[in-house]
There are 2 protein chains.
Amino acid sequence: MARAITEKADLLPCLAEVFRDYGYEGASLALISQATGLGKGSLYHFFPGGKQEMAEAVLAEIDAWFTTSIFTPLRTTPKAAHAITNMFAATATYFQSGQKICLLGLMGLSETRDRFAERISLYFQHWITALQNALLRLGHNAQKARTLAISSIAAIQGALVLARALNHTDTFNTVLAQAEQACLTL
Amino acid sequence: MARAITEKADLLPCLAEVFRDYGYEGASLALISQATGLGKGSLYHFFPGGKQEMAEAVLAEIDAWFTTSIFTPLRTTPKAAHAITNMFAATATYFQSGQKICLLGLMGLSETRDRFAERISLYFQHWITALQNALLRLGHNAQKARTLAISSIAAIQGALVLARALNHTDTFNTVLAQAEQACLTL
DNA sequence: GTTTCTCTGTACCATTTGGTACAGAGTCTC
DNA sequence: GAGACTCTGTACCAAATGGTACAGAGAAAC
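Keep in mind that what you see is a predicted model, and the values were worked out from it rather than measured. (Residues numbered from 1 in each chain as written. Chains lettered and ligands numbered in written order. Predicted model: local features only at pLDDT ≥ 70, side-chain atom pairs only at ≥ 80, totals over all residues. Heavy atoms only, no water.)

Colleague: Please set out the layout of surface pockets residue by residue, giving values where relevant.
Modeller: Taken as a whole, the largest pocket holds about 690 Å³ of empty space. Around the largest pocket sit 22 residues that line it, and Gln178(A), Ala182(A), Leu148(B), Gln178(B) and Ala182(B) are the ones nearest its centre. Counting residues per element, the ones that place at least two in the lining of the largest pocket are helix 8 (142-166) and helix 9 (169-184) of chain A together with helix 8 (142-166) and helix 9 (169-184) of chain B. Residue classes in the lining of the largest pocket are distributed as 10 nonpolar, 10 polar and 2 charged. (1 Å grid on protein atoms, 1.4 Å probe; cavity = no way out; pocket = protein on both sides within 12 Å on 5 of 7 lines; lining within 4 Å. Points joined across faces, edges and corners; volume = space filled by probe spheres on them. Helix = DSSP H or I, 4+ residues; strand = E, 2+ residues; numbered from the N terminus. Nonpolar A, V, L, I, M, F, W, Y, C, P; charged D, E, K, R; others polar.)

Colleague: How would you summarise the UniProt feature "DNA-binding region" (unreviewed entry) in chain A if you had to cite specific residues and measurements?
Modeller: UniProt tags residues 28-47 of chain A as "DNA-binding region" (unreviewed entry). Annotated as residues 28-47 of chain A, this span is 75% helix and 0% strand, and its ends, taken at the C-alpha atoms, are 15 Å apart. (UniProt positions renumbered as here; feature names shortened; annotations may be inferred.)

Colleague: An account of the pattern of salt bridges is needed here, citing residue identities and associated values.
Modeller: Once the charged atoms of two side chains with opposite charge are near each other, the side chains can pair. Residues and elements named next belong to chain A. Counted according to the given criterion, the structure contains 2 salt bridges over all chains. Its salt-bridge partner being Arg113, residue Asp114 comes within 3.8 Å of it at the nearest N-O pair. Taking the relative accessible area as the measure of exposure, Arg113 reaches 18% and is therefore buried. (Salt bridge = Lys/Arg side-chain N within 4 Å of Asp/Glu carboxyl O. Buried < 20%, exposed > 50% of the residue type's maximum accessible area, 1.4 Å probe, protein only.)

Colleague: Explain the interface of chain A and chain B to me, using residue names and the numbers behind them.
Modeller: Taken residue by residue, the interface counts 40 residues in chain A and 40 residues in chain B. Both faces combined, the contact of chain A with chain B buries some 3,200 Å², and carbon together with sulfur accounts for 70% of it. Taken together, the connections running from chain A to chain B amount to 0 salt bridges. Joining chain A to chain B, the criterion identifies 7 residue pairs in polar contact (both at pLDDT 80 or more). Elements that contribute at least two residues to the side of chain A that touches chain B include exactly helix 1 (8-26), helix 6 (103-109), helix 7 (113-138), helix 8 and helix 9 of chain A. Ranked by residue count, the leading element in the side of chain A that touches chain B is helix 8 of chain A, at 17 residues. (Contact = heavy atoms within 4.5 Å. Buried area = accessible area lost by both parts, 1.4 Å probe. Polar contact = N/O pair within 3.5 Å; in protein donor to acceptor, adjacent residues only side chain to side chain.)

Colleague: Break down empty space enclosed by the protein for me, citing the residues and quoting the values.
Modeller: The final tally for this structure, using the stated rule, is 3 cavities of 30 Å³ or more. Here the largest cavity defines a volume of roughly 170 Å³. Gly23(A), Ser110(A), Tyr22(B), Gly23(B) and Ser110(B) are, among the 20 residues lining the largest cavity, the residues nearest its centre. Taken together, the elements giving at least two residues each to the lining of the largest cavity come down to helix 1 and helix 6 of chain A together with helix 1 (8-26) and helix 6 (103-109) of chain B.

Colleague: Requested: an account of the relation of the copies chain A and chain B, with residues and values cited.
Modeller: Least-squares fitting of chain A to chain B yields an RMSD of 0.0 Å, with the superposition described by an axial translation of 0.0 Å and a rotation of 180 degrees. Both copies of the chain, as the preceding transformation shows, are related through a two-fold rotation axis. Distance from the rotation axis, computed per C-alpha, reaches its smallest value in chain A at Gly158(A): 1.9 Å. Most of the interface of chain A is mirrored in chain B, where 100% of its interface residues again form contacts. (Least-squares fit on C-alpha atoms with pLDDT ≥ 70 in both.)

Colleague: Residue-level account of the environment of Arg75(A), with values.
Modeller: Residues and elements named next belong to chain A. Following the sequence through the fold, Arg75 ends up in helix 4 (residues 51-76). Residues Arg75 and Ala9, spaced 66 residues apart in sequence, show a C-alpha to C-alpha distance of 28 Å. Leave out the neighbours within four places in its chain, and Arg75 touches His126, Thr129, Ala130, Asn133 and Arg137.

Set out below in structure tokens:
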């Protein structure tokens, strides 16, 4: 049989897209098969655990990407203001100004949450903590840093909801700009 | 056969809960039947259009509730500051400080959006416009009123995502308090 | 009491679901 | 070339899916 020369890693973006578009429940194996171009045989070869394992792999990859591209830079970028500005820019790029949604946010809302509760919770905790750290470095007091960090991540998630609901990317950018300004205002 | 003396209106909260917990796709007729205590026969008697009609009825009821309890008061409460404070309070009560999620926000995220796109979009537009109106009355300029209104609704939606993901109601209240303060600060 | 209308449970339907089994084709190693 | 290993398509499975058909029970109207 013809081989598709597919690396497991190359599959993850495809899988992520399906889960993002249809949710965990709505992403049937038929859809996944169609999106990846792989039959069930191949899918179960790469992911013996089935859909659950596919979703876990996707979430793990997203987590890894955010850790290296968002969370770590927030701590290591020398100038705190730069760190924060970069974070908002990278976030806007990643989510394509709201055209792409946050899979972890989506999964946190529906009953799928229970399946991946730990991973979802940690993702947001890490994000909040990393931003809080940068805000402290910027000069905010502990209380304000924590509140601002939580509000900023909430703003990002809410912006994604609004941008999708209104089908309007400007909304996303407006909210992010406002949140960024709040962070940088001492 | 024994009658359950059920009014169609009494069914909607039950249906809403199922859709909220499992999403549109995940809410199977079996789950709906269990939650409402009605067999398929009764369900299809009340909702000949099936699941789609059930969801539409739920969304319509939510829309009606928000119109009378949130949107209209935002315009008609004499003192703008009171209108805004009341809105945040009513919102927190409705969503039980983040323990209950926003069905329209959830549906906006997954592919279910296409099914109810119009309704979802209008819901958020109405909310934003009503809040914007109150912010104008409070003394914000047009630009600021619009930006603040959008950011506030985003904050609420994001707070719901975070509260669920972190399983922490304090997070919800923190974000809402911050948003309310931003609205009331001229 | 009869008729009518509203409601309800059961049985059924085709389709799709996630998942398994397995033979075989490609590729690599020796 | 033999053998092992990786990958892939097909066929199959039991269970669940949304939806339909329908007989009959309860209550209300006459």
